[in-house]
2 protein chains.
Amino acid sequence: MKKIYGIGTGPGDPELLTLKAVRVMKEADYIFAPNNRGKNMALDTCKEFIEGKNITLLDFPMGESTEEHYKSALSKIYKTMKDGEVSVFLNIGDSTIYSTFMNMIYFNNFDDVDIEIVPGIPSFVSAANEIKENIVIKGEKFLLCDSFNGFNLDELDSIAILKTSNNLEYILDTLEKNDFRYYYVKSSSLPDQKILTDREEILKEKNYISLILARRN
Amino acid sequence: MKKIYGIGTGPGDPELLTLKAVRVMKEADYIFAPNNRGKNMALDTCKEFIEGKNITLLDFPMGESTEEHYKSALSKIYKTMKDGEVSVFLNIGDSTIYSTFMNMIYFNNFDDVDIEIVPGIPSFVSAANEIKENIVIKGEKFLLCDSFNGFNLDELDSIAILKTSNNLEYILDTLEKNDFRYYYVKSSSLPDQKILTDREEILKEKNYISLILARRN
């Protein structure tokens, strides 16, 4: 058997890796991560634990990945391993939340591959810890989405919107109208972390890995 | 200054603690955790890292904790520490998700206390990793709730319901009617983990720390 681990590397701070994530990547024979113009944030997070390892970046064109990309990446990982060897695929945040890994293993047809997933701290969970606000308390409901196009907030108590750059003004308008207080969180847990609550300051920002957390007042 | 850390201990497997959680609890002078009839799952998870430490269980009557309980617990932690000392308060899962810690620090009026929160892997994230199902992929929306009383699922792609014992049959009916496939997950990440997908088997179960994860077909 060959083994592939999907590992959630969390929001970015290496100390927010789990003990299991660190053990598994240290023991692995090969490290893979999605290629983001020659860089990858998950690799930065894991740097000290994968030094000297065989590291390969795989191409998944942002927002344009097709079945062929996923199959080709999986096949590359598979062919790299000899029987008994272990590969790790690194995902920022958690592998089950807006991630590449699950799309890829969906196409797994190899009989001799065992797949295991190691959870990571999602970015919105890190953000809530940093701003010291509850995501939910007893009886409350929370919505997670990557884009926001006018979901009815009446029954919700809090919300995380992971990609906000397309319609930031509309998002803030909607949250204000529904009496939600909001936080714009950029690079949660990293040295350049920024937390904004002022509407005008938020509207000046444009950052792919920023998110908005909001709670009913 | 005195310092209190709230630490999310994750779903139960000690290996799913973060490096930061382990470092902070090893360095702490005092460990606190909610009292659950003389036991506490967070303490079990952290056992090997807090051996020999000064450990105190604090009373928060399940579902009946009042302002007085929170104030009294915070005051007890405060009075235990001398200037410069560090206390850790352990929460299962993450401290911002249906947790005790945030309710308690809400009442903090002490000027000389610094509070920091260390995120943990939420149970529903662990469960999704174990069953190898996405919580969300690009464009999808996910709802998190602790009880379920007929939320409109039309705009949702997936849902986690954390306490299911009160109206399990109604929950399954609603999910089936909306064409959601579901997983009943008990003790995610622990040796006695159980994942059920069969309706009749699920209806035989009653377990406080079980949850249901469901996704639109």
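In the block above lies the structure referred to throughout.
These figures come from a predicted structure and were not determined experimentally.

Participant: I would appreciate a short explanation of the sheet that holds strand E9 (residues 194-196) of chain B in the present structure.
Facilitator: Backbone hydrogen bonds hold the strands of a sheet together, and the pairing may be parallel or antiparallel. Sheet architecture is open: 10 strands sit in the order E9(A)-E8(A)-E10(A)-E7(A)-E6(A)-E6(B)-E7(B)-E10(B)-E8(B)-E9(B), paired in mixed fashion. Lying at the two open borders of the sheet, with one neighbouring strand each, are strand E9 (194-196) of chain A together with E9 of chain B. Neighbour-to-neighbour, the strand axes of this sheet turn through a mean angle of 15°, independent of strand direction. Pairing analysis gives four bridges linking strand E6 (residues 141-145) of chain B to strand E7 (residues 158-161) of chain B, with the strands arranged parallel. Bridge pairing in E7 of chain B places Leu143 of chain B opposite Ile159 of chain B. Contacts between helix H5 (residues 123-131) of chain A and the sheet are confined to strand E6 (141-145), strand E7 (158-161), strand E8 (180-186), E9 and strand E10 (211-216) of chain A, with E10 of chain A contributing the most and set at about 60° to the helix.

Participant: Help me understand the interface of chain A and chain B in this model?
Facilitator: Interface size is often expressed as the accessible area that is lost when the parts come together. Counting residues at the interface gives 50 residues for chain A and 50 residues for chain B. For the chain A and chain B pair, buried surface summed over both sides reaches about 4,300 Å², with 62% attributable to carbon and sulfur atoms. A salt bridge links Arg23 of chain B to Glu15 of chain A; its shortest N-O distance comes to 2.6 Å. Counting every contact that joins chain A to chain B gives 24 residue pairs in polar contact (both at pLDDT 80 or more). Broken down by secondary-structure element, the contributors of at least two residues to the side of chain A that touches chain B are helix H1 (19-27), helix H4 (101-105), strand E5 (113-118), H5 and E6 of chain A. For the side of chain A that touches chain B, the per-class residue count stands at 27 nonpolar, 11 polar and 12 charged. In the sheet, E6 of chain A pairs with E6 of chain B via five bridges, with the strands oriented antiparallel.

Each value, and the rule that gives it
- Residues numbered from 1 in each chain as written.
- Chains lettered and ligands numbered in written order.
- Predicted model: local features only at pLDDT ≥ 70, side-chain atom pairs only at ≥ 80, totals over all residues.
- Heavy atoms only, no water.
- Pairing = 2+ DSSP bridges.
- Helix = DSSP H or I, 4+ residues; strand = E, 2+ residues; numbered from the N terminus.
- Axes fitted to C-alpha atoms, helices over the stretch in contact; angles between N-to-C directions.
- Contact = heavy atoms within 4.5 Å.
- Buried area = accessible area lost by both parts, 1.4 Å probe.
- Salt bridge = Lys/Arg side-chain N within 4 Å of Asp/Glu carboxyl O.
- Polar contact = N/O pair within 3.5 Å; in protein donor to acceptor, adjacent residues only side chain to side chain.
- Nonpolar A, V, L, I, M, F, W, Y, C, P; charged D, E, K, R; others polar.

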